[in-house]
Amino acid sequence: MPPAPHLPTIAQRALTDLPNAVFWFDERGRFFEANRKACEHWGYTREELLEKTIFDLNPNMSPDRWAAHWANKQVNTETFERSHRKKNGEEFPVDITDIFVEYEGVTYSCAIIQDITQRKEADRQARLADITVQTAVDANFWICPRGFIKQVNEAACRWYGYTKEEFLGKNLLEINRTVDPEGFRGIWEELKTAGQTLRESEHVDRTGRSFPVEIVAHYIEFEGMEYACANVRDISERKRKEA
């Protein structure tokens, strides 16, 4: 294989200033250029990195798998996820976009790599929060300012006898018949002002059974939209004891 191409000064400057790591390597997985971000994030000097191969950074890549990967990524250029390893041994998840170029009859790859540790942790936290809500004992509803139900948890489906899909086509007033549209607007404005409210009401399930509930609602703004997150508790037993 001929020597790796020399990057022009202007290309080197562009690579150096990119916020993501950039590696250039050949068909054998040998690096011949890397930008500042790559060196800093993986913990190597540029000289050290240029002595490495992709197998030193990707703990799950072997020479046997590399040939198939090289051929596949020239056809399927979608960004993909892998695990990489820093000089200190720390492994972390990355997104990789490979750009293949041909120079004097030889194909090389430019890999643009982003550390997605924070994104993965945010996703994990979001899944954990969703599982916590979905497995909660109380029913939970996410409601828009017009009263339409935007999301529910599993307890809500069990209590009221509707599937999630059926719930998402309903308005809160269909299960709370003690409030009319005008009354709901007043409740919403009170919640928006206070941020959190606690009230009792009567709800109706699919069979028409009415039962007393305690509602703790929180006003939330998310991605430019307004929501009420309502935690609803059946207080039938408590009411019987109070009678």
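Refer to the structure printed above.
Residues numbered from 1 in each chain as written. Predicted model: local features only at pLDDT ≥ 70, side-chain atom pairs only at ≥ 80, totals over all residues. Heavy atoms only, no water.

**Student:** An account of the pairing of strand 6 (residues 139-143) is needed here, citing residue identities and associated values.
**Tutor:** Of all five residues that make up strand 6, five are buried, and the element is covered over most of its length. Side chains A139, F141 and I143 project from strand 6 onto one buried face, and the interleaved N140 and W142 project onto a second face that is buried too. Inspection of the sheet shows strand 6 paired to strand 10 (residues 225-234) by five bridges, in the antiparallel sense. Across the sheet, the residue bridging to W142 is C229, located in strand 10. As defined by bridge partners, strand 6 adjoins strand 7 (residues 149-152) across three bridges and the pair is classed as antiparallel. Residue W142 lies in a different strand from strand 7, and its bridge partner there is Q151. Hairpin connection of strand 6 to strand 7: five residues between the antiparallel strands, including G147 at a positive phi of 95°. (Buried < 20%, exposed > 50% of the residue type's maximum accessible area, 1.4 Å probe, protein only. Helix = DSSP H or I, 4+ residues; strand = E, 2+ residues; numbered from the N terminus. Pairing = 2+ DSSP bridges.)

**Student:** So what's going on with the sheet that holds strand 2 (residues 31-34)? Which residues, and what values?
**Tutor:** Read across the sheet, five strands follow the order 2-1-5-4-3 without closing on themselves; strand pairing throughout is antiparallel. Whereas interior strands pair on both sides, the edge strands pair on one side only; in this sheet they are strand 2 and strand 3 (80-85). Across the sheet, the mean angle separating the axes of adjacent strands is 35° when strand polarity is ignored. Both strand 3 and strand 4 (residues 91-103) contribute to a ladder of six bridges, which runs antiparallel. (Axes fitted to C-alpha atoms, helices over the stretch in contact; angles between N-to-C directions.)

**Student:** Would you mind going over the pairing of strand 4 in detail, with residue names and values included?
**Tutor:** Connecting the antiparallel pair strand 3 and strand 4 is a turn made up of five residues, with G89 showing a positive phi of about 95°. Direction of pairing for strand 4 relative to strand 5 (residues 106-115): antiparallel, over a ladder of 10 bridges. Its bridge partner lying in strand 5, I96 is registered against I113. Counted along the chain from strand 4 to the antiparallel partner strand 5, the turn is two residues long, and its residue E104 has a positive phi close to 50°.

**Student:** Talk me through the packing of aromatic side chains; I want residue IDs and the actual numbers.
**Tutor:** According to the stated counting rule, one finds 18 aromatic pairs in the structure shown. An angle of 85° between the planes, with centres 5.5 Å apart, marks the rings of F141 and Y160 as edge-to-face. Here Y160 lies in helix 7 (residues 154-160) and F141 lies in strand 6, a separation of 19 residues in the sequence. Pair check on accessibility: F141 and Y160 agree, each one buried. (Phe/Tyr/Trp six-rings, centres within 6.5 Å; stacked < 30°, edge-to-face > 60°.)

**Student:** I'd like a description of the environment of F55, backed by residues and values.
**Tutor:** Mapped onto the fold, F55 is located in helix 4 (residues 54-57). Along the sequence, F55 and A139 sit 84 residues apart, while their C-alpha atoms lie 50 Å from each other.

**Student:** Now, about the sheet that holds strand 8 (residues 196-204): what can you tell me, with residues and values included?
**Tutor:** Across the sheet, five strands lie side by side as 7-6-10-9-8; this open sheet has antiparallel pairing. Two strands in the sheet have a free side with no partner beyond their single neighbour: strand 7 and strand 8. Averaged over all pairs of adjacent strands, the angle between strand axes in this sheet comes to 30°, irrespective of strand direction.

**Student:** Any details on the state of the cysteines? Residues and values, ideally.
**Tutor:** Disulfides are covalent bonds that connect the sulfur atoms of two cysteines. Applying the stated criterion across every chain, the model contains zero disulfides. Cysteine C110 remains unbridged, with the sulfur of C39 as its closest cysteine sulfur at 14 Å. As a non-bridged cysteine, C157 has C229 as the owner of its nearest cysteine sulfur, 15 Å distant. Classification of C157 as buried rests on a relative accessible area of 18%. (Disulfide = S-S within 2.5 Å.)

**Student:** Report on the nonpolar core, specifying residues and quantitative values.
**Tutor:** Membership of the largest hydrophobic core comes to 24 residues, with the highest contact counts inside it found for F141, I143, V152, Y160, F167, I175 and V232. Looking at this core, the elements with two or more residues in it are strand 6, strand 7, helix 7, helix 9 (181-194), strand 9 (210-222) and strand 10. With five residues, the top contributor of residues to this core is strand 9. Not counting chain neighbours up to four residues away, the residues in contact with F167 comprise F141, I149, V152, A156, C157, Y160, Y162 and I175. Counting 21 residues, the second largest nonpolar core, distinct from the first, contains A21, A34, Y44 and A111. (Core = buried A, V, L, I, M, F, W, Y, C linked by side-chain atoms within 4.5 Å. Contact = heavy atoms within 4.5 Å.)

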